[in-house]
Amino acid sequence: MKLKNLLMTLTAAVTLGTVGTFSAQAFASSSQPVYRLYNKFTGEHFYTENAYEKDVLANKGWRYEGIGWQAANSGKAVYRVYNPNARGGDHYYTMSRYEAQSLVRKGWRWDNGGKAAFYSAGNTNLYVAYNPNAQSGAHNYTTNTYEQNNLLGRGWKYGKVAWKTMGNAKPSGGNTGGIVTPPKPKLPGGMSPNAPHKETLNQLPARASNGMTPEEIKETSGVSSYEGVQNIACDNVGVTICLFGNNMPDLQGMAKDYGVTRAIELYVISFNNSKIPLTIEMVNAAIDYAGLPTSAHITHEEYPWLKP
């Protein structure tokens, strides 16, 4: 009797092991990676299962960011449409064929011939966030809750589950189960770790000035706006400087060398040739950006020639 029970136990163990191995293999073969790329000129992320398409875009200047998630090979269809009328172009992904068809009637185009770009299946949530201030790259899709919450904290909307992925699979190539790990936060040039209101960074487009477009100011300085103040550019004896960012006057360094009060004076002088005059609000935002104490904020009495 004991021998019979032992044989039955061994048989069950072998059978379960075989089923477990088969299930793992079936799970792995039922999904494939979705590649994620980023266009720094338009701000759009693009997602594709097509390795050739990924390589073509990477060769055209898109930055390859790795595997976004593991997509199922079957399930509910996810459609992709393209807006050729948005500046830089824009793609949108939806499980609703009715929504996709409605956009096509408004001038969008079907991608992939109207067939499914991906399929929704699995246990991992894929989130969508919407930027109401953007045309291209207005929607971001991610399985990473940190990335999603970071965008929502910066003013993006929605925050809902777009569809499901096979993100718990363990694909090859060093992917972490379909999770895109965002890069460690890196402060823009001239910004202090002590700067308040970091969540207000880049909430508005830069203000075109000195012959530069808002996009060029953002590209040059790394910053479009801060504390609701739009970044500007001006020509200081043949050198373009900005209110914030990589090419702003070094408020932190000047404060160490000359003291806070003199540093602010030199900062203001730097913009004497600007076509867009500085205001009290602009200078105080720059003081915060540089991490100088709020007690250093200037007033109209100190700088009567600057507008509020």
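If you're wondering where the values come from, they're calculated on a predicted model, not measured in any experiment.

To continue, consider the pattern of salt bridges. On inspection of all chains with the given rule, the structure shows eight salt bridges. Across the pair Glu147 and Arg36 runs a salt bridge, and its minimum N-O distance is 2.6 Å. You can see Glu147 sitting in helix α4 (residues 145-153) and its partner Arg36 sitting in strand β1 (residues 31-39), a full 111 residues away along the chain. Of the two residues, Glu147 and Arg36, both sit in the buried class. Here Arg80 ties to Glu53 by a salt bridge, and the two come within 3.7 Å at their closest N and O atoms.

This next bit is on helix α6 (residues 251-258). Restricting attention to buried positions, one finds in α6 the residues Leu251, Gly253, Met254 and Ala255. Where α6 is buried, its residues touch α7 (260-270) and α8 (280-289).

Counting 35 residues, the largest nonpolar core has Leu243, Phe244, Ile264, Tyr267 and Leu278 as the members making the most contacts within it. At the level of elements, α6, α7 and α8 are the ones that each hand at least two residues to this core. In terms of residue count, the dominant contributor to this core is α8 (seven residues). With residues up to four places along the chain from it excluded, the contact list for Tyr267 reads Leu243, Met248, Pro249, Leu251, Met254, Leu278 and Ala286. Core analysis: the second largest hydrophobic core is formed by 24 residues, Phe46, Trp62, Val104 and Phe118 among them.

On to the environment of Leu187. Among the structural elements, Leu187 can be located in the loop between β10 (157-165) and α5 (214-221). A relative accessible area of 36% places Leu187 in the partly exposed class. Not counting residues within four places of it along the chain, the set of residues in contact with Leu187 comprises Ser192, Pro193 and Lys198.

Here is what the cut-offs are and how they apply
- Residues numbered from 1 in each chain as written.
- Predicted model: local features only at pLDDT ≥ 70, side-chain atom pairs only at ≥ 80, totals over all residues.
- Heavy atoms only, no water.
- Salt bridge = Lys/Arg side-chain N within 4 Å of Asp/Glu carboxyl O.
- Helix = DSSP H or I, 4+ residues; strand = E, 2+ residues; numbered from the N terminus.
- Buried < 20%, exposed > 50% of the residue type's maximum accessible area, 1.4 Å probe, protein only.
- Contact = heavy atoms within 4.5 Å.
- Core = buried A, V, L, I, M, F, W, Y, C linked by side-chain atoms within 4.5 Å.

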